[in-house]
Amino acid sequence: MISIIAQIVPLALSPNSRLACAILMGIVFGFVLIKGDFPIGKAIRANLTLKAGGICKSFLLSIALGTLLFAVLAERGIVNLHIRPAYFWPSLLGGLLAGLGVALCSRVPITAVASLAAGRIHAIWILLGMGFAIFCVNTASQWLSGTIFTWGSQLPEPQRSPELFSFANPVVWILIFAGAAILLLQFALKDGTEKPDSEK
Amino acid sequence: MSIKSSLSGPWPFWITGAVLAFLGIFMLYLFDDALGMSDGMLMIAEFCKTSAQEKAVANPPPLDWQTGFLGGIFIGAIGCAFISGKWKIRFKPENTPGGMAVGAGKAILTGFCGGFLVMLGLQLSGDSFFGQWISAMQLSAGSWIFLGVFIATSIITSVLLARRSGGKS
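Residues numbered from 1 in each chain as written. Chains lettered and ligands numbered in written order. Predicted model: local features only at pLDDT ≥ 70, side-chain atom pairs only at ≥ 80, totals over all residues. Heavy atoms only, no water.

Engineer: Before we move on, can you summarise the overall build of chain A with the specific residues and values?
Structural biologist: Assigned secondary structure in chain A consists of 9 helices and 0 strands. Reading chain A from its N terminus to its C terminus gives the helix and strand order α-α-α-α-α-α-α-α-α. Once the C-alpha set of chain A is aligned to its principal axes, its extents read approximately 50 × 50 × 40 Å. Within chain A, buried positions represent 50% of all 200 residues. In chain A, the proportion of contacts linking residues at least 24 apart, taken out of those at least 6 apart, comes to 66%. For chain A, the exposed area adds up to about 9600 Å²; of that, 71% sits on carbon and sulfur atoms. Chain A carries 14 positive and 8 negative side-chain charges, and their two centres are separated by 7 Å. (Helix = DSSP H or I, 4+ residues; strand = E, 2+ residues; numbered from the N terminus. Buried < 20%, exposed > 50% of the residue type's maximum accessible area, 1.4 Å probe, protein only. Contact = heavy atoms within 4.5 Å. Areas by Shrake-Rupley, 256 points an atom, 1.4 Å probe, with all protein chains shown as cover. Lys, Arg positive; Asp, Glu negative; His and termini not counted. Charge placed at Lys NZ, Arg CZ, Asp CG, Glu CD.)

Take a look at the structure:
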């Protein structure tokens, strides 16, 4: 069994197989997003205003579990590290602007697409706003390349820790923090998931 | 729990969270590439721009794995919304105060401005939200900075906005 696992390497599918797999994965992803109420504005607003905690708990758990899975599988060479280069100030400024935007519209790109699919026609305005932002950034790309995109130094790539379960490994801290936050949300807030029409 | 009830009924947070984590890492294994929708969205924007300039759709929309993934999300979300009874036609967000015209006007304003700010932030940070989420699992410092500031800003702003509107939004 261990020798079989040791032989597993990333698949790195060819373009056509990649497209087919991406569509299938997208279908599953869209299904799970709706199940988790991620594209439902009412549920998102309840979570953002700390009146419910279901979506926050799902998000925290997905990051904590994903971090642990990646650390275990990367150590065995089953998945490789694939991150884009990041800079301190653009990341911080980007988080600030995106946070302000989500407070207004309660969606990020993939949840806006899922929201439109769930019949929320008003999500079309969110997608139009996003399209306009891409147009503006493309138009101002030369100016941005010489200013904001170069602010601060490039952030270092993550270092692998030799031991998975040691306090020197950030994965352990992420698990502890996420676990504590999930427990706090579990006891302090209700889930706030939207009931289907048949159950109302 | 039967398959039918598990498909149509609500899922607890731990199932949703676990499935999302497994899906993200499984995609990393399948594609062995940086995951994120930013390139796909740039291609769609470029396609819309070309079509608008030529006032005709000469070629079909670009189809690679990123745009295919977005299309898959649309299909999966429609299917799940119908199965779960969450499919509702709405022209304005739920609980928006005011009549149809006022509500739709607010939806246009908040939706367009909100969407603009979200995408502007994502473009500045250099990746889509999906890409930031996957990168955070890989312990990318930039993604953790982005997500930390994003979560803090969105919660503080939402609480302030809710207070200002007397908890109606």
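Engineer: Describe the packing of aromatic side chains, with residues and values.
Structural biologist: One pass over the full model with this rule turns up 17 aromatic pairs over all chains. Summarising the aromatic geometry, the rings of phenylalanine 31 of chain A and tryptophan 11 of chain B are spaced 6.1 Å apart at their centres and angled 50° between planes, so their arrangement reads as tilted. Of this pair, phenylalanine 31 of chain A sits in helix H2 (residues 15-35) while tryptophan 11 of chain B sits in the loop between helix H1 (3-8) and helix H2 (13-31), each in a different chain. Among the residues examined, tryptophan 11 of chain B registers a relative accessible area of 16% and is labelled buried. By way of ring pairs, the aromatic residues Phe29 of chain A together with Phe69, Phe130 and Trp133 of chain B are connected into one cluster. (Phe/Tyr/Trp six-rings, centres within 6.5 Å; stacked < 30°, edge-to-face > 60°.)

Engineer: Go over the interface of chain B and chain A with me, naming the residues and quoting the values.
Structural biologist: Chain B puts 111 residues into the contact, and the matching count from chain A is 110 residues. Surface buried jointly by chain B and chain A totals about 10200 Å² across both partners, of which 76% is contributed by carbon and sulfur atoms. The largest contributions to the chain B side of the interface with chain A come from Phe13, Lys86 and Leu124 of chain B, which together make up 8% of the buried area. Seen at the junction of chain B and chain A, the total is 3 salt bridges. Two residues, aspartate 37 of chain A and lysine 86 of chain B, come together in a salt bridge whose shortest N-O distance is 2.7 Å. Across the contact surface, chain B and chain A share 19 residue pairs in polar contact (both at pLDDT 80 or more). Tallying contributions element by element places helix H5 (residues 100-125) of chain B first for the side of chain B that touches chain A, with 18 residues. (Buried area = accessible area lost by both parts, 1.4 Å probe. Salt bridge = Lys/Arg side-chain N within 4 Å of Asp/Glu carboxyl O. Polar contact = N/O pair within 3.5 Å; in protein donor to acceptor, adjacent residues only side chain to side chain.)

Engineer: Pulling in residues and values, what's your account of the packing of helix H6 (residues 109-117) of chain A against helix H4 (residues 65-84) of chain B?
Structural biologist: Axis angle and axis distance: for two packed helices, these are the angle between their axes and the distance between the axes, and together they describe the pair. Two elements in contact, H6 of chain A and H4 of chain B, have axes separated by 8 Å at closest approach and are oriented at 40°. By the angle between their directions, the pair H6 of chain A and H4 of chain B is classed as oblique. Between H6 of chain A and H4 of chain B the crossing geometry is right-handed. In this structure, H6 of chain A uses Ile110, Val113, Ala114, Leu116 and Ala117 of chain A to contact H4 of chain B, whose residues at the interface are Leu70, Ile73, Phe74, Ala77 and Ile78 of chain B. Here the residues of the contact of H6 of chain A with H4 of chain B sort into 10 nonpolar, no polar and no charged. (Axes fitted to C-alpha atoms, helices over the stretch in contact; angles between N-to-C directions. Parallel < 35°, antiparallel > 145°, perpendicular 65-115°, else oblique. Left-handed = near helix turned anticlockwise from the far one by under 90°. Nonpolar A, V, L, I, M, F, W, Y, C, P; charged D, E, K, R; others polar.)

Engineer: Tell me what's going on with the environment of tryptophan 11 of chain B, and back it up with residues and numbers.
Structural biologist: Sequence spacing of tryptophan 11 of chain B and aspartate 39 of chain B is 28 residues, and the spatial spacing of their C-alpha atoms is 32 Å. Setting aside residues no more than four positions away along its own chain, tryptophan 11 of chain B makes contact with Phe31, Val32 and Lys35 of chain A together with Ser6, Thr16 and Val19 of chain B.

Engineer: I'd love a proper account of the packing of H2 of chain A against H6 of chain A, names of residues and values included.
Structural biologist: Residues and elements named next belong to chain A. As a packed pair, H2 and H6 sit with axes 10 Å apart at the nearest point and diverge in direction by 85°. Regarding the angle of H2 to H6, the classification is roughly perpendicular. Residues Phe29, Leu33 and Ile34 of H2 form the contact with H6, whose participating residues are Ile110, Thr111 and Ala114. Of the residues assigned to the contact of H2 with H6, the class counts are 5 nonpolar, 1 polar and no charged.

Engineer: Can you explain the side chain of threonine 49 of chain A? Please cite residues and give values.
Structural biologist: Position of threonine 49 of chain A relative to the elements: it lies in the loop between helix H3 (41-48) and helix H4 (54-75). For threonine 49 of chain A, a relative accessible area of 15% puts it in the buried group. For threonine 49 of chain A, the side chain forms a polar contact with the main-chain oxygen of arginine 45 of chain A, separated by 2.7 Å. At 3.5 Å, the side chain of threonine 49 of chain A and the backbone oxygen of alanine 46 of chain A are in polar contact. Contacts of threonine 49 of chain A, omitting those with residues within four sequence positions, involve Ser158, Val159 and Ala162 of chain B.

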